[in-house]
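Summary of structural features
Chain residues, written in single-letter form:
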Amino acid sequence: MIKSSFFSLAKPRLAYPALKSEREDVVEIPLPAKAQLFVKGSSAGSNGKGIRVGDRVKTGQRLMVSGDNDDYLIAPVTGSISGISPLTGYLGQTLTVVAFDVEKTDVWDDEFGASKEMSPPQRVRRFLSSLPGQAEFSSLLEFLPLEAVVIYGIDKDFLVSTSRCVVQTRLEEIKQGIEVLKKLFGECRMVLLVPSGLGLQAERTGMEVRALSPVYPELLPKAIMNRVFGKAVPAGSRCEEMGVGFLSAEAVAGLGSAFQSGRVPVHKTLTVIKKDGSSVNVRARIGTPVQEILDALHIETKTGDGLIFGGPMTGRSVYSGQTPVLADTDAVMIQDARDEPLFSDTHCVNCGECVRVCPASMPVNMLIRVLENKMYEEAVQAYDLLSCIECGLCSFVCIAQIPIFHYIMLGKFEYERMIKAEGPNA
């Protein structure tokens, strides 16, 4: 594999916009009339044992998606199931849409609260596999023992302030969540990352705090591995495989709240980034259509405006205002039609900007050529596809306006699918 850039220039770094130091109010979004959840896998109820249309549900109730496996979802509202249908998601992912008619008053399910005799890992696996801010929370338990757990009280993308807001407003719940983490992961090293200016406040948690200057892309997990732990993550490997797990501050706060109150958390904090670049933090019920959030904030959209889940560097476009807020929706960005970036089918002009900016020192100008031609195995073996840390800087600087980041994400997806298909015959 190629392991060094064609250039020896210093890597460009992008400074985050200045953040407000004072505590900001969080806008409460009203309960929606209808809610939706996206669940991985094929349609529910295939053998008659899963959820069905017409079933009544309580807030926080554990619902089996299908009798064919152990997948479940947590009802974010009280009401009835109004629809179950298949959906093809990002990169061809097979999903099931579960829709709810919502009642105005919550009736809480008490199964989680009554499960105190179970061990913390058992309770997490049974009820908290997904938490607000951490859609696959329980997956970390598969990598025990861990040497360290990193809690993100700092936001990884531009203009997003969700994690910082959680640290400022839910510090006591984070402290409670840390005590639960100790029961889950043992006495491993725990590090709370916060932006400069919140260090003293964060130290009230009693854990190790690292106040970092927010410079992109140095806050992404694989960059943190090198910056904080002095470890380089091999191409194609995960941080967890090297003994370091990453959690969001919101997930830790949700964990603490769940064990303290006996109720599974069903609200999501997220940053809404307006067309002018200003932002507001909101708290909405998981499953709320994004259009209802925009309406509550009096944000108008018109034909041609972009709607992005996530920040400007790594966010993904969505194409309907009915797309729901999910457990991992940290931000919603509205982009004015006049500011929409214009991608083209122009081929690489070999300017070298993407190579110069790549923090992984990948030969991006050669990589994009093989990805355009669907040569995914060669992209991995010859041009370091799996070394990409998914920062999006290559697309950001591309003067030919090639959507390089999306080619890379597609390439990784297709290569992984290829390996899984070849597995039984390997």
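A few points on the structure. Throughout, a residue's number is its position along its own chain's written sequence, starting from 1. Given that this is a predicted model, residues contribute local features only at a pLDDT of at least 70 and side-chain atom pairs are listed and counted only at 80 or more, while totals for whole chains, interfaces and linings are drawn from all residues. Side-chain numbers here rest on the full set of heavy atoms in the structure, without hydrogens or water.

When a carboxyl oxygen of Asp or Glu is within 4 Å of a side-chain nitrogen of Lys or Arg, the pair counts as a salt bridge. Tallied over the full model, the rule gives 26 salt bridges. The residue K182 makes a salt bridge to E179 at a minimum N-O spacing of 3.5 Å. Taken together, the residues K182 and E179, both in helix α3 (residues 171–185) and 3 residues apart, mark about one turn of the helix. Linking E250 and K268 is a salt bridge whose minimum nitrogen-to-oxygen distance equals 2.5 Å. One end of the pair, E250, is in helix α6 (residues 249–261); the other, K268, is in strand β14 (residues 267–273), and 18 residues separate them in sequence. Strands are runs of DSSP state E lasting at least 2 residues, helices are runs of H or I lasting at least 4, and numbering of each runs from the N terminus.

Within this scheme, the nonpolar core is defined by two criteria: the residues are buried Ala, Val, Leu, Ile, Met, Phe, Trp, Tyr or Cys, and they are joined through side-chain atoms within 4.5 Å. Burial here depends on accessible area, computed with a 1.4 Å probe over protein chains only, as a share of the maximum for the residue type. Under 20% is buried, over 50% is exposed, and the range in between is partly exposed. L128, I151, I174, L181, L184, F185 and L255 are the most contacted members of the largest nonpolar core, which has 39 residues in total. Among the secondary structure elements, those contributing two or more residues to this core are β6 (72–74), α1 (120–127), β9 (148–152), α2 (162–169), α3, β10 (189–195) and α6. Top element by residues in this core is α3. It accounts for 7 residues. If we ignore the near neighbours within four places in the chain, the residues touching L128 are Y72, F112, R123, F137, S138, L255, A258, F259, V264 and P265. By size, the runner-up hydrophobic cluster in this structure holds 23 residues, among which are V355, V370, L371 and I408. Two residues form a contact once any of their heavy atoms are found within 4.5 Å.

Looking now at the packing of α2 against α6. For helices, the axis comes from a line fit to the C-alpha atoms of the stretch in contact; other axes are also lines fit to C-alpha atoms, and the angle between any two N-to-C directions lies between 0 and 180 degrees. Where α2 meets α6, the closest approach of the two axes is 8 Å, and the angle between their N-to-C directions is 40°. Judged by the angle between their axes, α2 and α6 are oblique. Residues T162, S163, V166 and V167 of α2 form the contact with α6, whose participating residues are A249, E250 and A253. Residue type decides the class: Asp, Glu, Lys and Arg count as charged, Ala, Val, Leu, Ile, Met, Phe, Trp, Tyr, Cys and Pro as nonpolar, and the leftover types, Gly among them, as polar. A class-by-class count of the residues in the contact of α2 with α6 yields 4 nonpolar, 2 polar and 1 charged. Each angle is binned into one of four classes, with values under 35 degrees roughly parallel, values over 145 roughly antiparallel, values of 65 to 115 roughly perpendicular, and all other values oblique.

Note that a disulfide, as used here, is simply two cysteine sulfur atoms within 2.5 Å. Counting across every chain of the model gives 0 disulfides. You can see C188 has no disulfide; the closest cysteine sulfur is in C239, sitting 15 Å from it. Judged by relative accessible area, which is 13%, C188 ranks as buried. No disulfide involves C391; its sulfur sits 6.3 Å from the nearest other cysteine sulfur, which is in C394. Of the residues examined, C391 reaches a relative accessible area of 6% and is grouped as buried.

Another aspect to go through is helix α5 (residues 221–229). Burial in α5 covers these residues: A223, I224, M225, V228 and F229. Residues of α5 that are buried sit in contact with β9, β10, β11 (208–212) and β13 (244–248). Immediately downstream of α5, the backbone of G230 shows phi near 65°, a positive value.

With that settled, the discussion passes to the environment of H267. Structurally, the position occupied by H267 is in strand β14. When the C-alpha atoms of H267 and G277 are compared, they prove to be 25 Å apart, with 10 residues separating the residues in sequence. Apart from residues lying up to four places away in sequence, H267 is in contact with P132, E250, R283, A284, R285 and I286. By the criterion applied in these results, polar contacts are pairs of N or O atoms within 3.5 Å in which, for protein atoms, one can donate a hydrogen and the other can accept it, and in which residues neighboring in sequence qualify only through two side-chain atoms. Among the polar contacts listed, one links the side chain of H267 to the side chain of R285, at a separation of 3.2 Å.

Here β13 lies mainly inside the structure; 5 of its 5 residues are buried. Residues V244, F246 and S248 point to one face of β13 and G245 and L247 to the other, with burial holding for every one of them. Two strands pair when backbone bridges link them, and β9 and β13 are joined in this way by 5 bridges, in the parallel orientation. The residue bridging A148 from the neighbouring strand is V244, located in β13. Pairing between strands is defined by DSSP: at least two bridges between them are needed.

Taking strand neighbours across the sheet as the criterion, the 4 strands line up as β11-β10-β9-β13 in an open arrangement whose pairing is parallel. Unpaired on one side and paired on the other, β11 and β13 mark the two borders of the sheet. Neighbour to neighbour, the strand axes of the sheet diverge by 25° on average, direction disregarded.

Turning our eyes to something else, we now look at unusual backbone geometry. Residue P145 is reached from L144 by a cis peptide bond, and omega for that bond is -5°. Tracing the backbone through its elements, the reader meets P145 in the loop between α1 and β9. With an omega of 5°, the peptide bond between Y216 and P217 qualifies as cis. One can find P217 in the loop between β12 (215–216) and α5. We note that S361 has phi near 55°; this positive angle belongs to a residue other than glycine. Relative to the elements of secondary structure, S361 occurs in the loop between α8 (353–357) and α9 (364–372). When its relative accessible area of 17% is taken as the criterion, S361 is described as buried. The backbone of D384 sits at a positive phi, close to 60°, despite the residue not being glycine. Relative to the helices and strands, D384 resides in the loop between α10 (376–383) and α11 (393–397).

Here the focus is the sheet that holds strand β8 (residues 94–102). Reading across from one edge, β3-β8-β7-β4 is the order of the 4 strands in this open sheet, with antiparallel pairing throughout. Every interior strand has two partners, whereas the edge strands, β3 (34–40) and β4 (56–57), have only one. As paired elements, β4 and strand β7 (residues 79–88) share 2 bridges and run antiparallel to each other. In the sheet register, V57 faces β7, and the bridge partner there is G79.

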